[in-house]
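For reference, the chains in residue letters:
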Amino acid sequence: MDEDYGPVVASYTRAEAFADGTFIPILPAAGSAVGIEMPLIITASAWQEFVAGDREGGGERLRMVLSAVAKAVEQAPAHEVCFVVPAQGLPAGGASTGADRLLAITEPGDTGEPVMTLMLPHEM
């Protein structure tokens, strides 16, 4: 890679994002419950916007978010890797920033496995 692009100046792995709290893992059972069978991650900002504030620790709101994501994936063309979920289909979290959508992006994880990351548009 150095030959084509030069030396790596900086890198930031998913593992580092988990360690510093930028990414929050979603338990596989939560994704499986709505038909999503790949590892799921949500950014801390997206969690605050759409999941936080649930009295049951995010359970019901998280189910609503994941159901909306599963619906967006189901309705998208087979080759899509970025899915847009309109905010009106999502629960409001604590102090809303007015986000109008949630993005669900499927991309390779640190070891090449497919991972879906849920994030706010400005985090892309």
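For the structure itself, consult the block above.
In this text the structure is predicted, and so the values were computed from the model without any measurement.

1. Topic: the overall build of the protein
Item 1. Regarding its fold elements, the protein presents five helices and five strands.
Item 2. Listing the helices and strands of the protein from first to last along the sequence gives α-α-β-α-β-α-α-β-β-β.
Item 3. Across the 124 residues that make up the protein, the buried fraction comes to 35%.
Item 4. The long-range fraction of contacts in the protein, counting pairs at least 24 apart against all pairs at least 6 apart in sequence, stands at 48%.
Item 5. As displayed, the protein has an accessible area near 7500 Å², and 57% of this comes from carbon and sulfur atoms.

2. Notes on helix 5 (residues 59–75)
Item 1. For helix 5, built from 17 residues, the straight-helix expectation of 24 Å at 1.5 Å per residue is met to within 8% by its first-to-last C-alpha distance of 24 Å.
Item 2. Looking only at helix 5, the buried set comprises Leu-62, Val-65, Leu-66, Ala-68, Val-69, Ala-70 and Ala-72.

3. With respect to the environment of Pro-28
Item 1. Examined against the element boundaries, Pro-28 turns out to sit in helix 3 (residues 28–32).
Item 2. Considered as a pair, Pro-28 and Pro-39 are eleven residues apart in the sequence and their alpha carbons are 6.4 Å apart.

4. Regarding the nonpolar core
Item 1. Among the nonpolar cores identified, the biggest contains 26 residues, and Phe-50, Val-65, Val-69, Leu-102 and Leu-118 are the most heavily contacted of them.
Item 2. Breaking this core down by element, the ones donating at least two residues are strand 2 (40–43), helix 4 (44–50), helix 5, strand 3 (82–86), strand 4 (101–108) and strand 5 (114–119).
Item 3. Beyond its immediate stretch of four places on either side in the chain, Val-69 contacts Ile-36, Val-85, Leu-102, Ala-104, Met-116 and Leu-118.

5. Thoughts on the layout of surface pockets
Where empty space is left can be seen by rolling a probe of water-molecule size over the atoms.
Item 1. In this structure, the largest pocket spans a volume of roughly 180 Å³.
Item 2. The set of elements that each furnish at least two residues to the lining of the largest pocket consists of helix 2 (14–19), strand 1 (23–26), helix 3 and strand 2.
Item 3. Sorting elements by how many residues they give to the lining of the largest pocket places helix 3 first, with three residues.
Item 4. Residues of the lining of the largest pocket, tallied by class, amount to eleven nonpolar, three polar and four charged.

6. A few points about the sheet that holds strand 1
Item 1. Spatial strand order, 1-2-5-4-3: five strands in an open sheet with mixed pairing. Among the strands making up the open sheet, the edge pair consists of strand 1 and strand 3. Each adjacent strand pair in this sheet contributes to an overall mean axis angle of 25°, direction not counted.
Item 2. Examined bridge by bridge, strand 3 and strand 4 share five bridges and lie antiparallel to one another. Looking at the pairing, Phe-83 lines up with Ala-104 of strand 4.
Item 3. Packed onto the sheet, helix 5 meets strand 1, strand 2, strand 3, strand 4 and strand 5 and runs at close to 125° relative to strand 3.

What counts and what doesn't
- Residues numbered from 1 in each chain as written.
- Predicted model: local features only at pLDDT ≥ 70, side-chain atom pairs only at ≥ 80, totals over all residues.
- Heavy atoms only, no water.
- Helix = DSSP H or I, 4+ residues; strand = E, 2+ residues; numbered from the N terminus.
- Buried < 20%, exposed > 50% of the residue type's maximum accessible area, 1.4 Å probe, protein only.
- Contact = heavy atoms within 4.5 Å.
- Areas by Shrake-Rupley, 256 points an atom, 1.4 Å probe, with all protein chains shown as cover.
- Expected span 1.5 Å × (residues − 1).
- Core = buried A, V, L, I, M, F, W, Y, C linked by side-chain atoms within 4.5 Å.
- 1 Å grid on protein atoms, 1.4 Å probe; cavity = no way out; pocket = protein on both sides within 12 Å on 5 of 7 lines; lining within 4 Å.
- Points joined across faces, edges and corners; volume = space filled by probe spheres on them.
- Nonpolar A, V, L, I, M, F, W, Y, C, P; charged D, E, K, R; others polar.
- Pairing = 2+ DSSP bridges.
- Axes fitted to C-alpha atoms, helices over the stretch in contact; angles between N-to-C directions.

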